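# Coordinate analysis (summary)
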Amino acid sequence: MAAVDHNAPVEAAPSPHRAMLRRALAHGGVTIGAGLLLIIIVMAVIGPFLIAHGPYDQDLTARLVPPIWMEGGSWEHPFGTDQLGRDYLARLLYGARISLMIGFGTVFIAGTIGTVLGVAAGYFGGRVDMVVTFLISVRLSTPLVLVALAVVSIVGGSLQVVVLVLGLLLWDRFAVVMRASTMQLRAIEYVTAARAIGCSTPRILTREIMPNVMNNLIVVTTLEMAHAILLEAVLSFLGLGVKPPTPSWGLMIAEGREVLLFEPWLITIPGLALLTLVLSINLVGDGIRDVTSPEDR
Amino acid sequence: MVTDPPTTAHPVLELRAVSKVYRVQTTMFNRPRDLRAVDDVSLQLHRGDVLGLVGESGCGKSTLSRLLLGLEAPTSGEVLIDGKPMTGTSIRDRARRIQPIFQDPYASLNPRKTVADIIALPLRVHSIGERSDDAKRVTEMMDRVGLPARMLLNYPNQLSGGQRQRVAIARALVMRPEIIICDEPTSALDVSVQSQILNLLMDLHDEFGLTYLFISHDLSVVQHIASRVAVMYLGRIIEARKSTQLFADPLHPYSKALLDSVLTPEIGMGLPETNLGATFPNPIDPPPGCAFHPRCGHAMQRCHKERPPTLREGSDRVECWLHDDLEAEQTRAVDAQRSTAATPDTV
Ligand SMILES: Nc1ncnc2c1ncn2[C@@H]1O[C@H](COP(=O)(O)OP(=O)(O)OP(=O)(O)O)[C@@H](O)[C@H]1O
Ligand code: SF4
Ligand SMILES: [Mg+2]
C-alpha cells in the first residue's frame, strides 16, 4: 500500500458541471440571452391566453389601428391592428409559437441526421468517413433557399412541410462539427481504455464520446435554430412558407410591406421580434462556447 | 526443458513474428506507402515477468502495446495468450486478462465521469458481482492504490496528476487481470510523483502476481524494475536480454549508445541525446541492411546491404553482425543453463 500523495488541492476545485454553471451565470451574454429567450418562450406559451383577441379574428371596422405609443392608439389593441383588423399583439404571440416550433422542429431533425452522420464519420473513419464527407459536399453545393423554394412551391407550404424541408437541409453544420470533434476523441486514451475494457461501440459512442462533444452540439444547435427561424421568415416573406392566415413573423412582414410608407409599425414590430429572438439564441450559443473551459472538453 | 514447471509451460503472452504495417498517404498525389511500425517482432512474457521495452520516440512501442491489447490486428504473425491465438478469443475475454495503463492521466480519464464511475466501468461492462457491491469493490481498490474514499465522487479535474494515475491503475486492476501493459505510465508525471507511482506498481505486481510489459523512455526506470529488457529500433527488437546482463554489458551498438546517455544528468526527461549524430530515420524509408547502420560507429560493408539475422525469442539474442558468431555460442550456453536450472526467468 503506497501513501496517498497529498500534493493536490482536492476539495477546492468544483465539479465540471458546477464550474460551468458558475461561469455561465457570470457571463453577461448567456444571462441576457437566456433571460430574453425564456421571456419569449413563456409569452409564446401563455401569452395568447391572456389577451381577449384571437389571432384570426377580423374586425373590418378597426383596420390599421396604430399601436398604443402612437397617436390614435388604444389599450384595446396595444400593438394596433393589421389591414384586416386583426389584433397585432395576438398575431405576434402566435407568431412566436410558429417561429419556436420551426426552430426546435428543424434542429431536432437536422441535429439527429447531422449528429449521426458526423459521429459515425469521425469515429469509424475510412469508408464511412468518405461517404459522409461526400454527402456533406453535396449538401454544401446545394443552394439552400432555392431548393427550399422549389420544394415548398411544388408540395405546398405548411408548418410541417417547412420544418421537414429545413430539417433535411440544415444538417450539414451538425455533421461537420460532430465529425471534427469526434475525430479528436476517437484516439484519446479514455476511449482506448474503454475499448480495452471491452465496452461495445454503442456504449463508447453514447457514454464516452457524446458527453464530451455535447458542448459543441449545443452551440451548433443554437446557431442552426436561429438560422432556421430566419429562413422560415424568408420563405414566408416570399409567400412560400407557412400559409397565409397563419401568423408567421415573416408573413406579417410580407403583409405589412404594402403599407410600409404609411404604417411602418406593421413591419418594425415583427421585425424587432425576429431580431430579438435570433439575437438571444445567438447570445446563448456564443456564451456556451465561451464558458466551456478546455478541461471540460 | 522437460523440467519446466507446468505454470511456465506457455508464456502468458507471446508475439510470434508479428508485423504491423500502416498504409500512409505521404502527399496527396503519391500512392500510399507502407510504414512498418512493428517489424517481425517475437517476444514472450512469462507469468510474473516485468519486461521493459525501450526505444526512441516513434520506434513502434505503442503500436506493439496496441497489438498486445488486441486493439489492432497484426498485419502478419500471431499474438498468443496462454498459447492460444488471440484471434480466437473474444474481446471481452481478452479484456479480463490484459489491461492497459497509459501515459497521460489527463487524457486517460473521461472528464465527465466521477472516480467511482470510472473505476466501476469494467465491473459493469463485465457484470462482475452484484451492482450493489460495486461501491465496496471500488473503495477497496481505491484503498489498495492509495486513494482516500472521500474522492469517490470527485471528477478527474479535481485530482492531481498522481491521483489521476492512481485512478487509472485502479480501473485497470479492478477486474483482477493477469497482464498489465504500461505505456510510459510515469513519464507525464512530476518527478516527485514518479517514484511513488513506480513503487505502487511494483507493490501491486507482487501483491496480485501480475505480469507487466513496461514501456519507457527512461532507462533508469527500466533498470530499476524490469527483469528483462527489450530494445526496439525502427519497429524491430534489436536486443532482448535479462535486465542485469543488458545493463552490465550491452551488446548492440544502439543499446550501448542508449546506456551511455543514461548517465547524463537529466533523468526522466525523455530519451536523452544519444550522441548518435544522424537523427532518427524516416520509418517509411528505413535504411537497407541493418536499419541502424547510418548511426552506427561499427558499421561494416555487409551492414549496408544485409540485415543481420532476425532475433528469435527463447534465448537471449542480439540483432547485429558484430555478434553473429557470439550469438550461436551464447544460445548454446543459455540452453544448457536452462535444462539444468530450469529457472522460469532465464528467457
Ligand atoms: N494508426 C496509424 N497510422 C499510421 N501510422 C501510424 C499509426 N500509428 C502509429 N503510426 C506510426 O508508426 C510509428 C510508430 O508509432 P508508435 O506510436 O508506436 O511509436 P512509439 O514508439 O510509441 O513513440 P512514442 O515514444 O513517441 O510514444 C510512427 O512512425 C507512427 O507515425
Ligand atoms: S549490424 Fe552493423 S550497423 Fe547494425 S548495429 Fe551491428 S555493426 Fe552496427
Ligand atoms: Mg507511444
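Just above sits the structure.
Here is a short report on the structure shown in this document. (Residues numbered from 1 in each chain as written. Chains lettered and ligands numbered in written order. Predicted model: local features only at pLDDT ≥ 70, side-chain atom pairs only at ≥ 80, totals over all residues. Heavy atoms only, no water.)

What follows is about the nonpolar core. Most often, soluble globular proteins have nonpolar side chains that are buried together. By size, the foremost hydrophobic cluster in this structure holds 65 residues, and its most contacted members are L166(A), I209(A), W249(A) and L277(A). With near-sequence residues (within four places) excluded, L166(A) lies in contact with I102(A), T106(A), A228(A), L231(A), E232(A) and L235(A). Among the nonpolar cores identified, the runner-up in size contains 61 residues, and M141(B), M151(B), M202(B) and C303(B) belong to it. (Core = buried A, V, L, I, M, F, W, Y, C linked by side-chain atoms within 4.5 Å. Buried < 20%, exposed > 50% of the residue type's maximum accessible area, 1.4 Å probe, protein only. Contact = heavy atoms within 4.5 Å.)

All right, on to the site of ligand 1 then. All names here are of chain B. Neighbouring residues of ligand 1: 16 residues in total, closest S57, G58, K61, S62 and T63. Take C59: an N or O atom from its main chain is 3.3 Å from an oxygen atom of ligand 1. Between ligand 1 and H217, the relevant distance is 3.4 Å, taken from an oxygen atom to a side-chain nitrogen or oxygen of the residue. Burial of ligand 1 by the surrounding chains reaches 67%, relative to a free accessible area of 640 Å². Where the shell around ligand 1 is concerned, the elements lending two or more residues are strand 1 (13-24), strand 2 (33-45) and helix 1 (61-69). Broken down by element, the shell around ligand 1 gets its largest block of residues, 4 residues, from helix 1. The residue inventory of the shell around ligand 1, partitioned by class, reads 6 nonpolar, 6 polar and 4 charged. (Near = heavy atom within 4 Å. Polar contact = N/O pair within 3.5 Å; in protein donor to acceptor, adjacent residues only side chain to side chain. Areas by Shrake-Rupley, 256 points an atom, 1.4 Å probe, with all protein chains shown as cover. Helix = DSSP H or I, 4+ residues; strand = E, 2+ residues; numbered from the N terminus. Nonpolar A, V, L, I, M, F, W, Y, C, P; charged D, E, K, R; others polar.)

All names here are of chain A. Examined against the element boundaries, W171 turns out to sit in the loop between helix 6 (159-169) and helix 7 (172-186). Residue W171 is classed as buried on the basis of its relative accessible area, which comes to 10%. Leave out the neighbours within four places in its chain, and W171 touches A110, I113, G114, L117, L135, I136 and R139. At 3.0 Å, the side chain of W171 and the backbone oxygen of L168 are in polar contact.

Bringing the sheet that holds strand 4 (residues 76-81) of chain B into the picture now. Residues and elements named next belong to chain B. Pairing within the open sheet is antiparallel, and its 4 strands lie in the order 2-1-4-5. Two strands in the sheet have a free side with no partner beyond their single neighbour: strand 2 and strand 5 (84-85). Here helix 1 sits on the sheet and contacts strand 1, strand 2 and strand 4; the angle it forms with strand 1, its principal contact strand, is near 120°. (Pairing = 2+ DSSP bridges. Axes fitted to C-alpha atoms, helices over the stretch in contact; angles between N-to-C directions.)

Our next topic: the pattern of salt bridges. Any two side chains of opposite charge can pair, given that their charged atoms come close. Residue and element names in this part refer to chain A. This structure, assessed with the given rule, holds 25 salt bridges over all chains. D82 is the partner of R91 in a salt bridge, and the nearest nitrogen-oxygen pair spans 3.7 Å. Exposure class is identical for R91 and D82. Each is buried. Two residues, R173 and E224, come together in a salt bridge whose shortest N-O distance is 3.1 Å. Remark: E224 occurs in helix 9 (residues 201-237) and R173 occurs in helix 7; sequence separation between them is 51 residues. A relative accessible area of 2% means that E224 is categorised as buried. (Salt bridge = Lys/Arg side-chain N within 4 Å of Asp/Glu carboxyl O.)

Our next topic: helix 3 (residues 88-124) of chain A. Taking 1.5 Å per residue as the helical rise, helix 3 of chain A with its 37 residues ought to reach 54 Å, and the 52 Å between its terminal C-alpha atoms agrees with that figure. Among the residues trailing helix 3 of chain A, G125(A) stands out with phi positive, at a value near 60°. (Expected span 1.5 Å × (residues − 1).)

What follows concerns the site of ligand 2. Near ligand 2, the surroundings consist of 13 residues, among which C290(B), C296(B), C303(B), C320(B) and W321(B) are the closest. The residue makeup of the shell around ligand 2, split by class, is 10 nonpolar, 3 polar and no charged.

All names here are of chain B. Counting buried residues in strand 10 (residues 236-242) gives 6 out of 7 residues, a clear majority hidden from the surface. Direction of pairing for strand 9 (residues 228-233) relative to strand 10: antiparallel, over a ladder of 6 bridges. When the bridges of strand 10 are listed, M232 appears paired with I237. Between the end of strand 9 and the start of strand 10, which pair antiparallel, lie 2 residues, with L234 showing a positive phi angle near 50°. Alignment of strand 10 against strand 11 (residues 317-318), held across 2 bridges, turns out to be antiparallel. Bridge pairing in strand 11 places A240 opposite R317.

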